[in-house]
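Residues per chain are reported as follows:
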Amino acid sequence: MGGRAGDDGNSGIIEVVATVASLVLLVITLPFSLLFTFKVVQEFERAVIFRLGRLRSGGARGPGVFFVLPCIDTYCKVDLRTVSFDVPPQEVLSRDSVTVHVDAVVFYRVDCPILATNNVHDYSHSTRLLAATTLRNVLGTRNLSEILSEREAISHNMQSSLDEATDPWGVKVERVEIKDVRLPVQLQRAMAAEAEAAREARAKVIAAEGEMKASRALKEASDIISESPSALQLRYLQTLNTISAEKNSTIIFPLPLDIISPFLKGFAGPARSE
């Protein structure tokens, strides 16, 4: 503890001496030194200033004009605007052992310039690498059906994971979107064949249900017609009218039922006597 306090004291003395020397140099070289001491940052930027390697108190400077001492002050500009980048296509093995290629887009911004410059070497490159790793990890816990149907939930889960991991770097992940999910060609063909078979099965079921309903309706109609001979005659005439309305070469000879009814009764009588 005593050694550290001594080092801090020596560093403080050196900083004071260097500051005084820089001010003297600034005064001697006036007005040319003003070109190197006043700096400007835009509205969307912040400047983090270091004096002799140490972070200056007061936080990041900007927007507007700020003052640096020559030879002892250095600064780093940080852009606060939202940045977007594409996550390279990742080959992911889903939980049900299906290989898919997925790519995404990430939107982030710097929330704390001091953390972004002091806690990580390159926050942009680190965020890109972390996004690719997080995409593989999140999708590896999902089935293929979930990857295809729950993109919004996967994007929200990935955004939460990235935001938590990049918080010590002063980076805020605002949004993550899954752009595309590409399946192998053989799997696409298998899924298409499965969907076609399912559609054919549904069509057969619907046709069978229609036949069943039609047969029931025909049975009810036959029961009603059998109760009244005149109803059968009217149905007979309606059928003739329908056929005659069509332009075809069919020739029909109407035969009244009253003519053949005695013959039908005559055939039915001997059959019963036998």
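In case you missed it, the structure is sitting above this.
Residues numbered from 1 in each chain as written. Predicted model: local features only at pLDDT ≥ 70, side-chain atom pairs only at ≥ 80, totals over all residues. Heavy atoms only, no water.

1. Description of the overall build of the protein
(1) Moving on: If you tally the helices and strands in the protein, you get nine helices and eight strands.
(2) Moving on: The burial tally for the protein puts 25% of its 274 residues in the buried class.
(3) Moving on: Look at the contacts in the protein between residues 6 or more apart in sequence, and 66% of them connect residues 24 or more apart.
(4) Moving on: Surface exposure of the protein reaches about 18600 Å², of which carbon and sulfur atoms provide 59%. (Helix = DSSP H or I, 4+ residues; strand = E, 2+ residues; numbered from the N terminus. Buried < 20%, exposed > 50% of the residue type's maximum accessible area, 1.4 Å probe, protein only. Contact = heavy atoms within 4.5 Å. Areas by Shrake-Rupley, 256 points an atom, 1.4 Å probe, with all protein chains shown as cover.)

2. Let's talk about the sheet that holds strand E2 (residues 45-51)
By definition, the strands of a sheet pair up through backbone hydrogen bonds, in either a parallel or an antiparallel sense.
(1) Moving on: With respect to topology, three strands assemble into an open sheet ordered E3-E2-E5, the strand pairing being antiparallel. Each having just a single partner strand, strand E3 (54-55) and strand E5 (73-79) make up the two edges of the open sheet.
(2) Moving on: Judged from the two bridges that link them, E2 and E3 form a sheet pairing that is antiparallel. Bridging from a neighbouring strand, Arg51 pairs with Arg54 of E3. (Pairing = 2+ DSSP bridges.)

3. A word on the sheet that holds strand E8 (residues 171-182)
(1) Moving on: Across the sheet, which stays open at both edges, the three strands sit in the order E6-E7-E8 with antiparallel pairing between neighbours. Two strands close off the open sheet at either side, each with one partner strand: strand E6 (83-93) and E8. Going across the sheet, the axis of each strand differs from the next one's by a mean of 25°, ignoring polarity.
(2) Moving on: Pairing between strand E7 (residues 99-110) and E8: 10 bridges, direction antiparallel. Bridging across to E8, Val110 finds its partner in Val171. (Axes fitted to C-alpha atoms, helices over the stretch in contact; angles between N-to-C directions.)

4. Section: the packing of helix H4 (residues 123-139) against helix H6 (residues 151-166)
(1) Moving on: Direction vectors running N to C along H4 and H6 enclose 135°, while the axes themselves pass 10 Å from each other. Relative to H6, the element H4 lies oblique. Crossing of H4 over H6 shows right-handed handedness. The residues of H6 that touch H4, namely those facing Thr127, Leu130, Ala131, Thr134, Leu135, Val138 and Leu139, are Ile154, Asn157, Met158, Ser161, Leu162, Ala165 and Thr166.
(2) Moving on: Its residues assigned to classes, the contact of H4 with H6 comprises nine nonpolar, five polar and no charged. (Parallel < 35°, antiparallel > 145°, perpendicular 65-115°, else oblique. Left-handed = near helix turned anticlockwise from the far one by under 90°. Nonpolar A, V, L, I, M, F, W, Y, C, P; charged D, E, K, R; others polar.)

5. Overview of the pairing of strand E1 (residues 38-41)
(1) Moving on: Burial along E1 is one-sided: Lys39 and Val41 are buried, and none of Phe38 and Val40, which face the opposite way, are.
(2) Moving on: Inspection of the sheet shows E1 paired to strand E4 (residues 64-67) by four bridges, in the antiparallel sense. Residue pairing for E4: Lys39 is matched across the bridge by Phe66.

6. A look at unusual backbone geometry
(1) Moving on: That bond from Gly62 to Pro63 is cis: its omega, 0°, falls within 30 degrees of zero.
(2) Moving on: With respect to the helices, strands and loops of the structure, Pro63 is situated in the loop between E3 and E4.
(3) Moving on: Located in the positive-phi region is Leu52, a residue other than glycine, with phi close to 55°.
(4) Moving on: Overall, the relative accessible area of 42% leaves Leu52 in the partly exposed class.

7. A short note on H6
(1) Moving on: Spanning 16 residues, H6 covers 22 Å between terminal C-alpha atoms, matching the ideal 22 Å at 1.5 Å per step.
(2) Moving on: Among all positions of H6, only Ile154, Ser155, Met158, Gln159, Leu162, Asp163 and Thr166 are buried. Along the axis of H6, the buried residues cluster in a sector spanning 160°; they form a single face. Facing away from the buried side of H6 by more than 90 degrees, the exposed set consists of His156 and Glu164. (Expected span 1.5 Å × (residues − 1). Arc of directions from axis to C-beta.)

8. Considering a nonpolar patch on the surface
(1) Moving on: On the surface, Val27, Leu30, Leu34, Phe38, Val40, Val65 and Phe67 cluster together into a nonpolar patch covering about 620 Å² of accessible area.
(2) Moving on: Breaking the nonpolar patch down by element, the ones donating at least two residues are E1 and E4.
(3) Moving on: What makes Val27 exposed here is its relative accessible area of 56%. (Patch = residues over 30% accessible without salt bridge, like charges linked within 9 Å, V, L, I, M, F, W, Y side chains within 5 Å. Salt bridge = Lys/Arg side-chain N within 4 Å of Asp/Glu carboxyl O.)

9. Regarding the environment of Asp167
(1) Moving on: Residue placement: Asp167 occurs in the loop between H6 and E8.
(2) Moving on: Residue class for Asp167 comes out exposed when judged on its relative accessible area of 51%.
(3) Moving on: Sequence spacing of Asp167 and Cys112 is 55 residues, and the spatial spacing of their C-alpha atoms is 9.2 Å.

Note that all results are geometric; they support no functional claim without further evidence.
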